[in-house]
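Observations on the model geometry
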Amino acid sequence: MIRNIAIKLKGYTRDYLRVVIIFLVFVATVSGCGPSSKEPLNQMEFKPLAVSTADDLGLAEGFSSQVLVSSMDSLGENTRFGYDVSGLVYAGEEEGEGVLWVNHELIKPMFTSGYYGDIARLRKHIVIEQNAVGATAMKVFRDGDGWAYKIADGVHKRLSASDPVPIDQTVQEKDQARGTTANKLAAYTSMNTFLSAEAGYEQYYGEYIFGTSQYQPGIFRWASFFYDDPRLYGWVVETDLSTGASRKLTDLGRLRRNGLVLQEKGNDLIAYFTERGSNGRLFRYVTRKTDWPTGGTLYVANLEANQWMPLTLEHRRLGLLFEDPLQLRMNLREAARAVEATTFDNPGGLAISPVNGDLYMTTANDLETQNYHGSVMVFTNSGDEFTWDTLIEGGEESGISCPAELQFDQQGNLWLASAIPSQLMNKGVYTAFGNNALFVLPNGGSAPVRIANAPVDARFGGLSFADGDQFLFMSVQQPGARSTSIWDFDFTSHWPGGGKSMPKSSVVVLSRQ
């Protein structure tokens, strides 16, 4: 082609040739603009990474990473990113552009508001902390080989503990909560809405003991300055970005959720979720897609009977225990206990296999039962019945301890993050595992390959793929969690800034080199 062009231009003046060549270069540049493509992560040869205790984000051969946004970064003149980064989900609008929903679950008052134990707890501390939790919806786009987010007012949405959120049924004579907090899990629906599940709300607003008037205050003592009934929390929050409206969904029940995943089967939409803590349980909510988010039935898993047990007032015990369906949903843990549902050792993340539709669930650990390393379980559903098996037992043989969040890519590889508690990391039975890590189980198998190491005290979470598995958005949560003082900058981690910088939870984008 170049030879033909040269023949056609023969005899023209040198200046004219220069103009034509510049034009051709311009056309070639414009035609090649747009996001550059990368090889999908799901087609890599996964080479194992050594265990590490370093304060760094370590990657196996062939991977690269980018810090997209960190704790309290500015998103525009009037908007800041939240403090913590937990669950997240990416919803692509077109190739190389979409919305990233990020939950902000936790606070560390020393870093978040400047409060620590030797000074008085003030109203101003609570105000700062309330504005640092909740969720952020941000516009992100491909920028060369990486990603960026728009810096502009009105582009991003922040939902915090001080932004009133309506409840779709009256709870404790109230039709809205002061806000939303302890937001851990995130999901995106086929109705183009985002779901954000409230987890450890009792740390902020305390809790009432079921069947009594006894109140247990939260460790962060928010209720001392801003009392809000804790029964207004523990719900799933749904947000429609096209209208900007959010609401708390009572039909899915109230619970400290530790896992959430959606599955469509025929005309049904199913939400699976786990309960946080030792003796937690596995639940599902089933409704018609056209009726979402109402008109459905809640179930809890019973492994002895291999059945999903409906949680309705038709059950004799539940009919005696609760006055109406809303009271049952508001006390979902007590309802599951009443029907003697199966308990698990800290059930955690959930994922649906794209190959066969099986449900995968992690259990982290339970020191009381001497289950130190957890497991990965698989459920095959058939109507209201299921079979189950243990895919992986955590421990030194498998190389993974305390599995937590997990996600499948399009090829059926299972990506899995560990969550050894920071106070136990690199001690005792956990010494051999080093820092928390990200693993891949090729083809959903039972042999984890370690591919990324988290900084000191941190854990990975979120796990949401983008652009045909070319990129993986994930959170790096709570680096430096064991830090006890801000005055001498002697933090347990200085990631991602290094030096003497304060540690910051961040969103990271993983891709191939």
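1. Quick notes on the sheet that holds strand S31 (residues 437-441)
Overall, antiparallel pairing links the five strands, which are arranged S1-S32-S31-S30-S29 in an open sheet. The sheet is open, and its two borders are formed by strand S1 (58-59) and strand S29 (403-408), each paired with just one other strand.

2. Some details on empty space enclosed by the protein
Enumeration over the complete set of coordinates arrives at one cavity of 30 Å³ or more. There is about 30 Å³ of room inside the largest cavity. Among the residues making up the lining of the largest cavity, the classes are represented as four nonpolar, four polar and one charged.

3. A short note on the pattern of salt bridges
The full count for this structure, using the stated rule, is 20 salt bridges. Glutamate 93 is paired through a salt bridge with lysine 139; the nearest N and O atoms lie 2.9 Å apart. Linking glutamate 93 in strand S5 (residues 88-94) with lysine 139 in strand S7 (residues 134-143), this pair joins segments that are 46 residues apart in sequence. Here glutamate 405 and lysine 184 are joined by a salt bridge, their closest N and O atoms 4.0 Å apart. Pair noted here: glutamate 405 is in strand S29 and lysine 184 is in strand S12 (residues 183-188), with a separation of 221 residues, a long-range link. As far as the burial class goes, glutamate 405 and lysine 184 line up, both buried. Linked through salt bridges whose partners overlap, the residues forming this network are Lys184, Glu405 and Arg459.

4. Focus on the confidence of the model for the protein chain
The predicted coordinates ought not to be read in detail in places where the model reports low pLDDT. Averaged over all residues, the pLDDT of the protein chain equals 92, while 93% of them reach at least 70. Ignoring residues within four places in sequence, the model shows residues 1-33, a span with pLDDT below 50, making four contacts including any to other chains.

5. Focus: the pairing of strand S26 (residues 359-363)
Taking burial as the measure, the five residues of S26 include five buried ones, the bulk of the element. The alternating pattern of S26 places Leu359, Met361 and Thr363 on one face and Tyr360 and Thr362 on the opposite face, and all of these are buried. The sheet contact formed by strand S25 (residues 347-352) and S26 spans four bridges and is antiparallel. Residue isoleucine 352 lies in a different strand from S26, and its bridge partner there is leucine 359. If you look at the hairpin formed by S25 and S26, you'll find six residues sitting between the two strands, and glycine 357 has a positive phi there, around 80°. Of the pairings in the sheet, the one linking S26 to strand S27 (residues 375-382) comprises five bridges and is antiparallel in character. Within the sheet, the bridge partner assigned to leucine 359 lies in S27 and is phenylalanine 379.

6. Some remarks on helix H4 (residues 123-130)
Every buried residue belonging to H4 is among His125, Ile126, Glu129 and Gln130, and all of these are buried. Within H4, the buried residues cover an arc of 130° as seen down the axis, which keeps them to one side.

7. Brief notes about the sheet that holds strand S35 (residues 506-512)
Read across the open sheet, the four strands follow the order S2-S35-S34-S33; overall the sheet is antiparallel. If you trace the sheet from one side to the other, it starts and ends with strand S2 (63-70) and strand S33 (459-466), each paired once. Within the sheet, the average angular offset between the axes of one strand and its neighbour, ignoring direction, is 25°. In this sheet, S35 lies alongside strand S34 (residues 471-477) in antiparallel orientation, the contact comprising six bridges.

8. Here we look at the pairing of S27
Looking along a regular strand, one sees the side chains alternate between the two faces of the sheet. Across the eight residues that make up S27, a large majority, six, are buried. Pairing of S27 with strand S28 (residues 385-393) involves eight bridges; the strand directions are antiparallel. Within S28, the residue paired with serine 375 across the bridge is glutamate 393. Between S27 and S28, which pair antiparallel one after the other, the connecting turn spans two residues, and glycine 383 there sits at a positive phi close to 65°.

9. Some words on the packing of aromatic side chains
Enumeration over the complete set of coordinates arrives at 23 aromatic pairs. Taking the centre distance of 5.1 Å and the plane angle of 40° together, the rings of tyrosine 204 and phenylalanine 220 count as tilted. Note that tyrosine 204 is positioned in helix H5 (residues 202-205) and phenylalanine 220 in the loop between strand S15 (215-216) and strand S16 (236-240), a separation of 16 residues in sequence. The two residues tyrosine 204 and phenylalanine 220 agree in class, both being buried. Seen in terms of ring centroids, tyrosine 208 and tyrosine 215 are 5.2 Å apart; in terms of plane orientation they differ by 55°. Their pairing is tilted. Taking the relative accessible area as the measure of exposure, tyrosine 208 reaches 22% and is therefore partly exposed.

Conventions and cut-offs
Residues numbered from 1 in each chain as written. Predicted model: local features only at pLDDT ≥ 70, side-chain atom pairs only at ≥ 80, totals over all residues. Heavy atoms only, no water. Pairing = 2+ DSSP bridges. Helix = DSSP H or I, 4+ residues; strand = E, 2+ residues; numbered from the N terminus. 1 Å grid on protein atoms, 1.4 Å probe; cavity = no way out; pocket = protein on both sides within 12 Å on 5 of 7 lines; lining within 4 Å. Points joined across faces, edges and corners; volume = space filled by probe spheres on them. Nonpolar A, V, L, I, M, F, W, Y, C, P; charged D, E, K, R; others polar. Salt bridge = Lys/Arg side-chain N within 4 Å of Asp/Glu carboxyl O. Buried < 20%, exposed > 50% of the residue type's maximum accessible area, 1.4 Å probe, protein only. pLDDT = per-residue confidence, 0-100. Contact = heavy atoms within 4.5 Å. Arc of directions from axis to C-beta. Axes fitted to C-alpha atoms, helices over the stretch in contact; angles between N-to-C directions. Phe/Tyr/Trp six-rings, centres within 6.5 Å; stacked < 30°, edge-to-face > 60°.

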